[in-house]
Amino acid sequence: MSQLKTLTPIAMMAVTEEESTSSSSSRPNTSNFSNDLRSSSSNNTTDAFYLAKTVLRGSVVLQAVCGHFRSSSSHDVVLGKETSIELVIIDEDGIVQSISEQPVFGTIKDLAVLPWNEKSQEQNPKILGKDVLLVLSDSGKLSFLTFCNEMHRFFPFSHVQLSNPGNSRHQVGRMLAVDSSGCFVAASAYEDQLAIFSLSTSRSGDIVEKKFFCPPEKDGRLKTAKGSTNICGTIWSMCFISEDYNQPSKERKPVLAILLNRWGSFYRNELLLLEWNIEEQAVHVVYQFAEAAPMAYHIVEVPHSHGFAFLFRAGDIVLMDFRNVLSPSCVYRTSLNFTPVEEKKFKNIIKIPDIMDEEGIYSVAASALLELGDINKSDDPMNIDDYNTVQPGFNYVCSWSWEPGVTNGPRILFSSDSGDLCAIEVLFEPDGLRVSLSECLYKGQPCNALLWLEGGFVAAIVDMADGMVLRFEEGLLQYRSSIQNIAPILDMCIVDYPDEKQDQMFACSGIASEGSLRIIRSGISVEKLLKTAPIYQGVTGTWTVKMRVSDPYHSFLVLSFVEETRVLSVGVSFSDVTESVGFLPDVCTLACGTVADSVLVQIHQSGVRVCLPAVPSEGASLSSPICTSWFPENMTISLGAIGHGMIVVATSSPCFLFILGIRSSSAYHYEVFQMHSVKLHNELSCISIPQKHPDLNKVLMDYAANNLVTTFPSENQFDNLFVIGTHKPSVEVVCFSHDRGLQVLATGIISLTNTMGTSISGCVPQDVRLVLVDHPYVLSGLRNGMLLRFEWPSASTLLPTGPPTQQTVVGSSSVNFHVLSSTMSPNNQVPPMFMSNTSGKTEGDLPINLQLIAVRRIGITPVFLVSLSDSLDADMIALSDRPWLLQTARHSLSYTSISFRPSTHVTPVCSTECPRGILFVAENSLHLVEMVPSKRLNVQKFHLGGTPRKVLYHNESRLLLVMRTELDNDSCSSDVCCVDPLSGSVLASFKFDPGETGKCMEFVKVGNEHVLVVGTSLSPGPAIMPSGEAESTKGRLVVLCLEHVQNSDTGSMTQRNSPIGSYAAEQLSSSSLCSSPDDNSCDGVKLEETEAWHLRLAYSTIWPGMVIAVCPYLDRYFLASAGYTFYVCGFPNDNSQRVRRLAVGRTRFTIMTLTAHFTRIAVGDCRDGILFYSYHEDSRKLEQTYCDPVQRLVADCVLMDDDTAFVSDRKGSVVVLSCANHLEDNASPERNLTLNCSYYMGEIAMSMRKGSFSYKLPADDMMKDCDAGSNNINSSRNCIMASTLLGSIIIFIPITRVEYELLEDVQSRLVVDPLTAPILGNDHKEFRSRESRVSSFMHNFSEMKKLSYKCCLKKGWFSKCCLQGGVRKMVDGDILAQFLELTSMQQEAVLSLPPAVNRSHKPYSMPVMVNQVVRLLERVHYALN
């Protein structure tokens, strides 16, 4: 997740009770309002402009499929998460690793895999050997997606329109079924309709060759053997019954089996077999059977069986024989009895989507009546229960998966509602069919989805809890790792934790026994293993060195200081071995490394030192190190690099480049000799020698052949490649050979300008790396905090066509040299300088002009690039103001922050105890951390044993207060507990009475102290009737004091951080290592054992109604609601043991939320939306001042100021309501709030918090010559962070009008560009406007009724009512974030597209420039990380 600076959401205010005079007001009749409205555009200061950005995508998995999506040999898993899809793999250790995750800008209904077959090769060569992902969504389309390895994401290559966009239960678009051969696809609606498609194998034309919708539009009926029937009812499940593949394809008639539950029918189950005659374009019902037996949930085909399928019913499993579709039969049945009767909990795990509107929830359509004339009855062999002695059990199947790669004797693994995992094996033997049911293989939570993967792994997806990766070992399933799921998030608080120097979110996650408190941090998760004392001042460099080039682990850690060098051993202990290695201890090391096996090199300002360490190795160990040196005469070395068999050093003033080698003069004796030297025209700033890679030679030679480069060196000379950065500034790829000397293969000039046309200073490369992922490219970190990516150009762009421009690379070698007659120059020979001229370079000449593909700013300090391994495709750490993980396999530049504090140096450390270690130098300490591959989310888990409903942070005690419900406890089912945020330990608890359930809580100020005001329910059942009115219930208002007490036991402060102090040996033992990714004791200091806090009851009273919401008010009162009534309460004389009710207000429906800002009170109920109130202290009365223009089921509300409310509803939208355009002196209780802007998330935000947020880069303080939009940056604005039931975290950032117009213009182009458009075919504007279009129309229509015709015409109300989603939309940060994933050329192409015509705001007044957009989006990306 990405994080931001956020205010602590705990408003320290006050509370009290006892009744006083009151007043009430109800929702006004808006038709009586006759005051003229002011146009929103007339007062620009009140306009709300927001950017909405998802910083943590939902973790709840609703669908899971596996296939070969990246290549024919890859084993990939795709997780469908309703509003996003994630492609993951499960590695050999059983750990889930995320490969790609992307939003779909729609709602996923179902996923399926279309397997690749040989016929697909003709259809689309781009998907050769790869499976296709099928997606049904609310776009009304069936989308065919393929994974693009270059862009690292899914792209659509075809859409098939099935229905209108939306979520109608009658439109096709809920469930998918795919024929095992990949030739046919079926899609169904929730009820009444389905469609069947045959896929084309021709290269020309659409992928769907033919399609048929059932029932046909003519009469809505399907033919049967005895007449006709219809499909009226809920379609529970469907699958194809595969045929014998020996049958010619032209004669194939696909058969689809569906399970139907008809409305109002006595028969629970109805099985239909539909046969599609493709030639006649007709579907016939070849078999129909109905029964009143236990409910049938799923029908599943047995693979490679040509006619067998399992029927999963409540209590049993039935194997059906459909080889003769005219007369199917039952061949096997077994009951499901995993849970004893006395322990059976009757709860329905299988959740049917809520597809009914409120008005139709109790109605039954007339078309759903069952016609019994053609249905087979008691004489049918399908009467399973009449002639079978097997009695149904108490359990049913929730999910299943088939064993991959098995054709004979397939096995199916299934999960029951009791959490038992079992397998069924189907054996086709000569003497008949044999079915074998296994014992329980694993006992856990019921699974919503199962995937049986290659290697014996099983992915088990659990509802509202962490999933699991299991593996078959010795016939049973064993737990290997977790699949993190933090959904649903019911509440959250954000704490600026001073010891961590970063914000972290505490989220209430999960329900019942799987409830937990999650600590969510920004960036990529790291596990803190070791920390030293702050004794390492003045570190100038860190390196890890291997003893042998092929060693898997590092042997030494080298630390360079201003005037000294220390070498520490890497292993179980870090001990000082400087003398044994042979490095000079009294110099500053510029570079070090392994030049040959057991031969180490140290480069310092005076020379180069080659050492054979006196440490134990595979050969004979030396008693003391053997060393030799090389010195440049009268010159000072400025930098250097070490590669296999080659050393490269550079000097400054004068500028020379030396190529050195080593040779053995005798046993254990090496000497350094100079192979080549040149005098440079431009001083070098960095050198990098890539590891030798056999594929690099082939790739470069292929490039030379394809692009007619005739002067490329021979293939065997690419082993001596290195990359340099110069002060020109430029980056160069250089090759050394004995016959040709130095040769510049490619060069990229760095010439960057800002939007004002001024050159950007500080563009000298600080670090440079050659990367090889599919094709080679060059990464360079600059001294001004920028990151560049250069690539070899294609043939069409090989030569420049014009002068250098912004972000354009032009050709000229910046390294000019003269090759000496003898490549083995004497140590003291200085070559003459030679000025070469490359301006007349023709096609086929060197150097090649590299193209600048992408430019990003990641800070203001120099950017260092540190590879995590020696491989050319290894990911890197880009270290500037903060550490970032740079993913080299991604398109353009893709980087994510690492969850660690700002550091000055970093190096990977690989040892047997810590194979993925990373050593940071921060605040004069060494920090050993490890990347945690098992954590796709940077989340720590504290198990709570109940459903956490509310969480607050107490500043004084530094404890978390958590309200829990559904506790598995005999004494109580709900409580408020104090939790240590470091260890997750429950330190104190206040238990509610038996049968009492906590509903809400808030801190309130009483004098100089803070108390906890808690609302509870004393009645079982819901608080709201279906009509929205409050149920007749009782509740309790409780006041608790959190007090500090002192224990008599003595104790001491415990800390787990162990220093590598004073270069002495320090054991890296199990006590220093974290035992698991979720270890709760790895983050530093615990509470003192002598400290203790407890919750004391100060006040309690029973109220008529559940106390659902409380809120502090005016720093001396608090608000509390019960049913449709809310009260202003106070503490007389600041006495926490007395509470007085000062005023009362009433609404029409049940109050869900209460919030206040200064004197403004916002009440959110379950039907009338948001109501504004004012409290008059003198008269002690509440007055309603404004009301919501439409009906709204409020989920949460935050007041931004006295006039503006940020509201989330339970249909997945957020809106901004304001009263700022109304004149306060025209007092009237019947004034509607103005709907300023809206945004449809597709997820319900149950908790929102307001905070401060700055999206200003550190460089903004240094760069005053920026564009006008950037000049309006406000470093302290109010933003909103929302958490959803799907586990998403979304932030809403206020932006200026200029920024809004700029980003909306870019967004309108991105949504139509093929690279960035919504992949499921959604109309982006329609999707983000959903649920707000009706609200906008109703709001504008209600305003029209209050004004005359001429006034309406003048104010534009007619056009507003006719506009689709006439209210302004927030700009979509998820769409805009894709702009940063594009190359510079692709960005230019997007901005060259014509802007969209249907826009909610006027077009941007100035031409849009790439730098302008990139810089603004970089600021947001930087701040969110």
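What you see is a predicted model, and the numbers here were worked out from it, not measured in a lab. (Residues numbered from 1 in each chain as written. Predicted model: local features only at pLDDT ≥ 70, side-chain atom pairs only at ≥ 80, totals over all residues. Heavy atoms only, no water.)

Engineer: How do you make sense of the state of the cysteines when you look at a structure like this?
Structural biologist: By definition, a disulfide links the sulfur atoms of two cysteines through a covalent bond. A complete count under the given rule lists zero disulfides for this structure. Unpaired in terms of disulfides, C611 finds its nearest cysteine sulfur in C627, a separation of 3.5 Å. (Disulfide = S-S within 2.5 Å.)

Engineer: Hey, could you run me through the sheet that holds strand β41 (residues 599-604) in this one?
Structural biologist: Pairing between the strands of a sheet comes from backbone hydrogen bonds, and it takes one of two forms, parallel or antiparallel. Across the sheet, four strands lie side by side as β40-β41-β42-β43; this open sheet has antiparallel pairing. Edge positions in the open sheet fall to β40 (589-596) and β43 (626-630), since each of these has one partner strand only. With strand direction ignored, the average angle separating the axes of adjacent strands in the sheet is 20°. By the bridge criterion, five bridges tie strand β42 (residues 608-612) to β43 in an arrangement that is antiparallel. Residue pairing for β43: R609 is matched across the bridge by S629. (Pairing = 2+ DSSP bridges. Helix = DSSP H or I, 4+ residues; strand = E, 2+ residues; numbered from the N terminus. Axes fitted to C-alpha atoms, helices over the stretch in contact; angles between N-to-C directions.)

Engineer: When you look at a nonpolar patch on the surface in this model, what are you seeing that I'm missing?
Structural biologist: A cluster of nonpolar side chains, namely V331, F428 and L433, defines an oily patch on the protein surface of about 230 Å² accessible area. You can call L433 partly exposed: its relative accessible area is 33%. (Patch = residues over 30% accessible without salt bridge, like charges linked within 9 Å, V, L, I, M, F, W, Y side chains within 5 Å. Areas by Shrake-Rupley, 256 points an atom, 1.4 Å probe, with all protein chains shown as cover. Salt bridge = Lys/Arg side-chain N within 4 Å of Asp/Glu carboxyl O. Buried < 20%, exposed > 50% of the residue type's maximum accessible area, 1.4 Å probe, protein only.)

Engineer: When you look at the pattern of salt bridges in this model, what are you seeing that I'm missing?
Structural biologist: A side chain with one charge may pair with a side chain of the opposite charge, provided their charged atoms come close. Applying the stated criterion across every chain yields a total of 40 salt bridges. Here K443 ties to D420 by a salt bridge, and the two come within 2.9 Å at their closest N and O atoms. Of this pair, K443 sits in strand β28 (residues 442-443) while D420 sits in strand β26 (residues 420-429); the two residues are 23 residues apart in sequence, bridging distant segments of the chain. Overall, D420 belongs to the buried group, its relative accessible area being 6%. The salt bridge partner of R901 is E923, with a shortest N-O separation of 3.4 Å. Taken together, the residues span a long stretch of sequence, with R901 in the loop between β60 (895-897) and β61 (905-909) and E923 in the loop between β62 (917-922) and β63 (925-931) at a distance of 22 residues.

Engineer: Explain the side chain of D76 here, please?
Structural biologist: Tracing the backbone through its elements, the reader meets D76 in strand β3 (residues 76-80). The exposure class assigned to D76 is buried, which follows from its relative accessible area of 1%. A distance of 3.1 Å separates a polar atom in the side chain of D76 from the backbone nitrogen of F69. Within the local environment of D76, its side chain forms a polar contact with the side chain of R70, the two groups lying 2.8 Å apart. In contact with D76, not counting residues within four places along its chain, are V65, C66, G67, H68, F69, R70, L87, V88 and I89. (Polar contact = N/O pair within 3.5 Å; in protein donor to acceptor, adjacent residues only side chain to side chain. Contact = heavy atoms within 4.5 Å.)

Engineer: I'm lost on the nonpolar core in this one. Help?
Structural biologist: Most often, soluble globular proteins have nonpolar side chains that are buried together. The biggest cluster of nonpolar side chains holds 43 residues, and the ones touching the most others in it are L51, L1303, V1306, L1376, F1379 and V1413. Among the elements that take part in this core, helix α12 (residues 1410-1424) stands out by supplying seven residues, more than any other. Excluding residues within four positions of it along the chain, V1413 makes contact with L1302, V1306, F1379, L1391 and V1408. Grouped together as the second largest cluster of nonpolar side chains are 30 residues, Y703, L721, I750 and L782 included. (Core = buried A, V, L, I, M, F, W, Y, C linked by side-chain atoms within 4.5 Å.)

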